[in-house]
Amino acid sequence: MKKLIIPFLAISLAFSGCNKDELDLTGELKMTFKIAGSDYSDVQVNIYSLDNMDYILYKGSPDRNGVFSKELLYGNYNTRIFYIYERVAPTFQIVNGKTVSFDFNY
């Protein structure tokens, strides 16, 4: 029994030393739109998991400066952008603590 307790305690102490920054499982998606004469309210961004393109995880619009940003858990995603017509953005991967950026010119 003592043989099991010592490794368990060692593992518990190792994980208790982790700080919050080391356990951050999120990254950021940032999309910048440039549309002459637009206030960007007519642009819609849908974010999907790459595993299920039938279910929208997040839906939103860029701010008045044309910037859409969303913090996401690490993983693989795809987007659909609606502005006059549908445009499918590239598939992207969110990595812990990193930002993925796209620029769109219409």
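Residues numbered from 1 in each chain as written. Predicted model: local features only at pLDDT ≥ 70, side-chain atom pairs only at ≥ 80, totals over all residues. Heavy atoms only, no water.

S.K.: Please explain the pairing of strand β5 (residues 75-83) as it appears in this structure.
M.R.: Taken together, the six bridges between strand β2 (residues 44-49) and β5 define a ladder with antiparallel strand orientation. Within β5, the residue paired with Ile47 across the bridge is Thr79. Here three bridges tie β5 to strand β7 (residues 92-94), and the two strands are oriented antiparallel to one another. Across the sheet, residue Tyr77 finds its bridge partner in β7, namely Phe92. Pairing between β5 and strand β6 (residues 85-88): four bridges, direction antiparallel. Residue pairing across strands places Phe82 opposite Glu86, the latter belonging to β6. The hairpin turn running from β5 into β6, its antiparallel successor, is one residue long, and Ile84 in that turn takes a positive phi close to 65°. (Pairing = 2+ DSSP bridges. Helix = DSSP H or I, 4+ residues; strand = E, 2+ residues; numbered from the N terminus.)

S.K.: Looking at this model, I keep getting lost on unusual backbone geometry. Mind explaining?
M.R.: For Tyr40, which is not glycine, the phi torsion reads 70° and is therefore positive. Turning to its location among the elements, Tyr40 is positioned in the loop between β1 (26-34) and β2. Overall, the relative accessible area of 9% leaves Tyr40 in the buried class. (Buried < 20%, exposed > 50% of the residue type's maximum accessible area, 1.4 Å probe, protein only.)

S.K.: Can you help me understand the confidence of the model for the chain in this one?
M.R.: For any part of a model where pLDDT is low, the fine detail of the predicted coordinates should not be relied upon. This prediction gives the chain a mean pLDDT of 83; 79% of its residues lie at or above 70. Across the chain, the secondary-structure element scoring lowest on mean pLDDT is helix α1 (residues 2-16), at 54, and the one scoring highest is strand β4 (residues 67-73), at 96. (pLDDT = per-residue confidence, 0-100.)

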